[in-house]
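What follows is the residue order along each chain.
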Amino acid sequence: MHWAHRIVKNGFDPAMVPPMAGVNIKWDHPTLAASVNAARQMSAGFGIGGLAANTPPALNTLHTRGEAIDMSITWTGTLNIANKDGSITEINTMPRTGMNLQLKAVGLTYGVKKFVGGNADKPHWSTTGH
């Protein structure tokens, strides 16, 4: 997904994508337009089209090691959620999304950090925040 993103968002030359063991993807098609279109289709199929241009999916990730997850979180009203120690945090502040500061604090009690890059990757949570 890294290279599909870079081809679509950054104009990376598909012919310059280095080979990667175990990855059998043909990046360089007969025309540049066909290569970009294929990368765009791949990006859309994997739901990464909304990532910012400066936030391509990493080649080696915390996701592949089981140390990160992407999830969209929303709720209505007040959210009562348990911290790791069992105490309850009442979240009644805005926004009612994963970007909520109180929710981020609850995540920290479990050793889970919200992406440190702000809005560039809203669904990302991990052990490091990266």
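Whatever comes next refers back to the structure up there.
One structure accompanies this document, and this report is about it.

### Observations regarding the packing of helix H1 (residues 2-10) against helix H2 (residues 32-45)
At their nearest, the axes of H1 and H2 sit 8 Å apart, and the two run at 120° to each other. By the angle between their axes, H1 is oblique relative to H2. The element H1 and its partner H2 pack so that their crossing is left-handed. On the side of H1, the interface is formed by Ala 4, His 5, Ile 7 and Val 8, while H2 contributes Ser 35, Val 36, Ala 39, Arg 40, Met 42 and Ser 43. When the residues that make up the contact of H1 with H2 are grouped by side-chain class, the tally is six nonpolar, three polar and one charged.

### A short note on the pattern of salt bridges
Here the structure, examined in full by the defined rule, presents one salt bridge. Here Arg 65 ties to Glu 67 by a salt bridge, and the two come within 3.8 Å at their closest N and O atoms.

### Considering the environment of Trp 125
Secondary-structure assignment places Trp 125 in strand E5 (residues 124-126). Remark: the alpha-carbon pair of Trp 125 and His 63, spanning 62 residues in sequence, is separated by 9.6 Å. Residues within four places of Trp 125 in sequence aside, it is in contact with Ala 68, Ile 69, Met 71, Ile 73, Gly 98, Leu 103, Lys 104, Gly 107, Val 112, Lys 113 and Lys 114.

### Details of the layout of surface pockets
For the largest pocket, the calculated volume is near 800 Å³. Residue lining of the largest pocket: 33 residues in total, with Met 1, His 2, Pro 57, Ala 58 and Thr 61 positioned closest to the centre. Grouping the amino acids of the lining of the largest pocket by side-chain chemistry returns 20 nonpolar, ten polar and three charged.

### Comments concerning the pairing of strand E3 (residues 88-91)
Looking along a regular strand, one sees the side chains alternate between the two faces of the sheet. The alternating pattern of E3 places Thr 89 and Ile 91 on a buried face and Ile 88 and Glu 90 on a face that is not buried. As paired strands, strand E2 (residues 79-82) and E3 are joined by four bridges and run antiparallel to one another. The partner of Ile 81 across the bridge, within E3, is Thr 89. Linking E2 back to E3 in an antiparallel pair, the connection comprises five residues, with Gly 86 at a positive phi of about 95°.

### What to know about the sheet that holds strand E1 (residues 68-70)
To summarise the sheet geometry, strands pair through backbone hydrogen bonds and adopt either a parallel or an antiparallel arrangement. In spatial order, the strands read E1-E5-E4; together these three strands make up an open sheet with antiparallel pairing. Strand pairing shows two members of the sheet lacking a second neighbour, E1 and strand E4 (113-114), which therefore form its edges. Direction of pairing for E1 relative to E5: antiparallel, over a ladder of three bridges. Note on E5: the bridge partner recorded for Ile 69 is Trp 125.

### Topic: the side chain of Ser 43
Here Ser 43 shows up in helix H2. By relative accessible area, which is 5% here, Ser 43 ends up buried. In this view, Ser 43 contacts Ala 4, His 5, Val 8, Ile 48 and Gly 49; residues no more than four positions away in its chain are not counted.

### Concerning H1
Three- or four-residue spacings in an α-helix give side chains the same orientation, since the helix completes a turn every 3.6 residues. When H1 is considered as a whole, its buried residues turn out to be His 2, Trp 3, Ala 4, His 5 and Ile 7. The elements touched by buried residues of H1 are H2. Positive phi appears at Gly 11, one or two residues downstream of H1, with a value of about 70°.

The rules behind each value
Residues numbered from 1 in each chain as written. Predicted model: local features only at pLDDT ≥ 70, side-chain atom pairs only at ≥ 80, totals over all residues. Heavy atoms only, no water. Axes fitted to C-alpha atoms, helices over the stretch in contact; angles between N-to-C directions. Helix = DSSP H or I, 4+ residues; strand = E, 2+ residues; numbered from the N terminus. Parallel < 35°, antiparallel > 145°, perpendicular 65-115°, else oblique. Left-handed = near helix turned anticlockwise from the far one by under 90°. Contact = heavy atoms within 4.5 Å. Nonpolar A, V, L, I, M, F, W, Y, C, P; charged D, E, K, R; others polar. Salt bridge = Lys/Arg side-chain N within 4 Å of Asp/Glu carboxyl O. 1 Å grid on protein atoms, 1.4 Å probe; cavity = no way out; pocket = protein on both sides within 12 Å on 5 of 7 lines; lining within 4 Å. Points joined across faces, edges and corners; volume = space filled by probe spheres on them. Buried < 20%, exposed > 50% of the residue type's maximum accessible area, 1.4 Å probe, protein only. Pairing = 2+ DSSP bridges.

Function cannot be inferred from these measures alone, as they are strictly geometric.
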